[in-house]
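Here are the chains, one letter per residue:
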Amino acid sequence: MKRVQYDLNFKQEVVRKGKEIGNFTAVARQHELDPKMVLRWARDLNRKDVDQLDGTSKRQAQFIPTAEDFKQLEHENEKLKKLLAEQALEREILKDLLKKTNPNLRIK
């Protein structure tokens, strides 16, 4: 089944009819549309970014990382590595402690 892209004017007209009647499901069936899709259109039209309902919201602007972005990521990566190492050390200490207190206990 081919996916259909509806233009903004059609979406606004369907939502307007749904609001007038008070039944979005009936309007969706009249236009042979999925009622959930029409309800989503109505919800989206209530938001401020109405201009993005024509499908442009799915196309995101290309993100170009800067040197500052890489620096922040490297800093975060180092913090996470330290945290992981601390947790691994803590886990090993707890394992040793459990082995000493319960010699018959098998720990993986």
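Our structure's up above, just so we're on the same page.
Treat the numbers as computed from the prediction; the structure is a model and nothing was measured. (Residues numbered from 1 in each chain as written. Predicted model: local features only at pLDDT ≥ 70, side-chain atom pairs only at ≥ 80, totals over all residues. Heavy atoms only, no water.)

Visitor: When you look at the environment of Val27 in this model, what are you seeing that I'm missing?
Guide: On the secondary structure map, Val27 appears in helix H2 (residues 24-30). By relative accessible area, which is 0% here, Val27 ends up buried. Between the C-alpha atoms of Val27 and Val14, which are 13 residues apart in sequence, the distance is 6.9 Å. Ignoring anything within four residues of it in the chain, the contact list for Val27 reads Val14, Lys17, Gly18 and Ile21. (Helix = DSSP H or I, 4+ residues; strand = E, 2+ residues; numbered from the N terminus. Buried < 20%, exposed > 50% of the residue type's maximum accessible area, 1.4 Å probe, protein only. Contact = heavy atoms within 4.5 Å.)

Visitor: How do you make sense of the pattern of salt bridges when you look at a structure like this?
Guide: Two side chains that carry opposite charge are able to pair once their charged atoms sit near each other. For the structure shown, the criterion picks out four salt bridges. Measuring nitrogen to oxygen at the nearest pair gives 2.3 Å for the salt bridge that ties Glu20 to Arg16. Remark: Arg16 and Glu20 occur in helix H1 (residues 8-21); sequence separation between them is four residues, near one turn of the helix. According to the relative accessible area criterion, Glu20 is exposed, its value standing at 57%. Among the charged side chains, a network of salt bridges with common partners joins Glu13, Arg16 and Glu20. (Salt bridge = Lys/Arg side-chain N within 4 Å of Asp/Glu carboxyl O.)

Visitor: For this particular structure, what's the right way to read unusual backbone geometry?
Guide: Glycine aside, the phi torsion of most residues is negative, and most peptide linkages are trans. For Glu32, which is not a glycine, the phi torsion comes out positive at approximately 55°. By secondary structure assignment, the location of Glu32 is in the loop between H2 and helix H3 (35-46).

Visitor: Would you mind showing me how to read the packing of aromatic side chains here?
Guide: The way to describe two aromatic rings as a pair is by their centre distance and the angle between their planes. Inspection of every chain in the model, using the stated rule, returns three aromatic pairs. Aromatic pair Tyr6 and Phe10: ring centres 5.2 Å apart, planes at 25°, arrangement stacked. Overall, Tyr6 belongs to the partly exposed group, its relative accessible area being 24%. Ring geometry for Phe10 versus Trp41: centroids 6.2 Å apart, planes at 80°, classification edge-to-face. Of this pair, Phe10 sits in helix H1 while Trp41 sits in helix H3, placing them 31 residues apart in sequence. What links up through ring pairs into an aromatic cluster is the set Tyr6, Phe10 and Trp41. (Phe/Tyr/Trp six-rings, centres within 6.5 Å; stacked < 30°, edge-to-face > 60°.)

Visitor: Help me understand the packing of H1 against H3 in this model?
Guide: Two quantities define a packed helix pair, namely the angle between the helix axes and the distance between the axes. Where H1 meets H3, the axes come as close as 9 Å, and the angle between the chain directions of the two elements is 100°. For the element pair H1 / H3, the angle class is roughly perpendicular. Taken together, the residues of H3 that come into contact with H1 (itself represented by Leu8, Phe10, Lys11, Gln12, Val14, Val15 and Lys19) are Val38, Trp41, Ala42, Leu45 and Asn46. Considered class by class, the residues forming the contact of H1 with H3 number eight nonpolar, two polar and two charged. (Axes fitted to C-alpha atoms, helices over the stretch in contact; angles between N-to-C directions. Parallel < 35°, antiparallel > 145°, perpendicular 65-115°, else oblique. Nonpolar A, V, L, I, M, F, W, Y, C, P; charged D, E, K, R; others polar.)

Visitor: What is the right way to read the nonpolar core from this model?
Guide: Nonpolar side chains tend to gather and get buried jointly when the protein is soluble and globular. Formed by Leu8, Val14, Val15, Phe24, Val27, Ala28, Leu33, Met37, Val38, Trp41, Ala42 and Leu45, the largest nonpolar core amounts to twelve residues. Of all elements in the fold, only H1, H2 and H3 reach the threshold of two or more residues within this core. Looking at which element gives the most residues to this core, the answer is H3, with five residues. (Core = buried A, V, L, I, M, F, W, Y, C linked by side-chain atoms within 4.5 Å.)

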